[in-house]
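Letter by letter, the chains look like this.
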Amino acid sequence: MKYWLMKSEPDDISIDDLRDSPNHTMAWQGIRNYQARNFIRDDITHGDQVLFYHSSCKVPGVVGIATVVSQPTLDESAFDPQSRYFDPKSEPDKPRWWQVDIQFTAKLNQIVSLQQLKSDPALQDMVLVTKGARLSVQPVSADEFAHIVMLGQ
DNA sequence: GCCAACGTTGGC
DNA sequence: GCCAACGTTGGC
């Protein structure tokens, strides 16, 4: 099993939105970054665990846990001119973008803020706290995952 | 809202 | 294939 961190702007899609979705499940669409796409297409599998991260908000940080509940599939929103995620360069016979379904697992009792993540010696190797850190889908180690869940209790 | 850091595009 | 211009991300 692998572990991931996925970012979302809570004004757009929050952990509560995920929890309140049918079957507590959402198609994670709209990834439009190649590195993140590669993780989704090539590495994520059904059953992987996800740290749900709120970005671009008052207190950015990890707020919950989700589970990957599908294999990677084509992101059809890229083909839909009505969609906000429409990408005219992704054509059905030459698809560019991929998605998975994720299901709400739990909210952390308390947010593990970016500030906390940055200052924790156990988490200095996290992708999130290194370099640009702009990846919206990024790998997390089993130790990092367990540590963050512990901090959120 | 600012802006640094990063990614993408497209002319050459 | 280089790189300048532009767009986006996301913390602050």
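Residues numbered from 1 in each chain as written. Chains lettered and ligands numbered in written order. Predicted model: local features only at pLDDT ≥ 70, side-chain atom pairs only at ≥ 80, totals over all residues. Heavy atoms only, no water.

Notes on the protein's contact with DNA strand C
Step number 1: Near DNA strand C the following residues occur: Lys7, Tyr53, Ser55, Ser56, Pro60, Leu114, Lys118 and Arg134.
Step number 2: Put simply, 80% of the atoms of DNA strand C that lie within 4 Å of the protein are in sugar or phosphate.
Step number 3: Take Tyr53: an N or O atom from its side chain is 2.7 Å from a phosphate oxygen of DNA strand C.
Step number 4: Side-chain polar atom of Arg134 to a base oxygen of DNA strand C: 2.8 Å apart, as the coordinates give it. (Near = heavy atom within 4 Å. Polar contact = N/O pair within 3.5 Å; in protein donor to acceptor, adjacent residues only side chain to side chain.)

What to know about the sheet that holds strand β4 (residues 61-68)
Step number 1: With respect to topology, six strands assemble into an open sheet ordered β2-β7-β4-β3-β1-β8, the strand pairing being mixed. Each edge of the open sheet carries a strand with a single partner, namely β2 (25-27) and β8 (137-140). Going from strand to strand, the sheet's axes swing by 35° on average, the running direction of each strand aside.
Step number 2: Packing against the sheet, helix α2 (residues 34-43) makes contact with β1 (3-8) and β8, and its axis sits at approximately 60° to β8. (Pairing = 2+ DSSP bridges. Helix = DSSP H or I, 4+ residues; strand = E, 2+ residues; numbered from the N terminus. Axes fitted to C-alpha atoms, helices over the stretch in contact; angles between N-to-C directions. Contact = heavy atoms within 4.5 Å.)

With respect to the protein's contact with DNA strand B
Step number 1: Around DNA strand B, the structure places Asn33, Tyr34, Gln35, Lys89, Lys131, Gly132 and Arg134.
Step number 2: A breakdown of the atoms of DNA strand B within 4 Å of the protein gives sugar and phosphate a share of 61%.
Step number 3: Across the surface near DNA strand B, the residue classes break down as one nonpolar, three polar and three charged. (Nonpolar A, V, L, I, M, F, W, Y, C, P; charged D, E, K, R; others polar.)

Quick notes on unusual backbone geometry
Excluding glycine, residues mostly have negative phi values, and the peptide bonds linking residues are mostly trans.
Step number 1: Backbone geometry places Asn23, a non-glycine residue, at a positive phi of 60°.
Step number 2: Following the sequence through the fold, Asn23 ends up in the loop between α1 (15-19) and β2.
Step number 3: What makes Asn23 exposed here is its relative accessible area of 63%.
Step number 4: Unusually for a residue other than glycine, Ser56 sits at a positive phi of about 50°.
Step number 5: Among the secondary structure elements, Ser56 is positioned in the loop between β3 (49-54) and β4.
Step number 6: Overall, the relative accessible area of 56% leaves Ser56 in the exposed class. (Buried < 20%, exposed > 50% of the residue type's maximum accessible area, 1.4 Å probe, protein only.)

Here we look at the pattern of salt bridges
Step number 1: Within this structure, the stated rule accounts for eight salt bridges.
Step number 2: Here the residues in one salt-bridge network are Asp16, Arg19, Asp20 and Lys107, joined through shared partners. (Salt bridge = Lys/Arg side-chain N within 4 Å of Asp/Glu carboxyl O.)

Keep in mind these numbers describe shape, not what the thing actually does.
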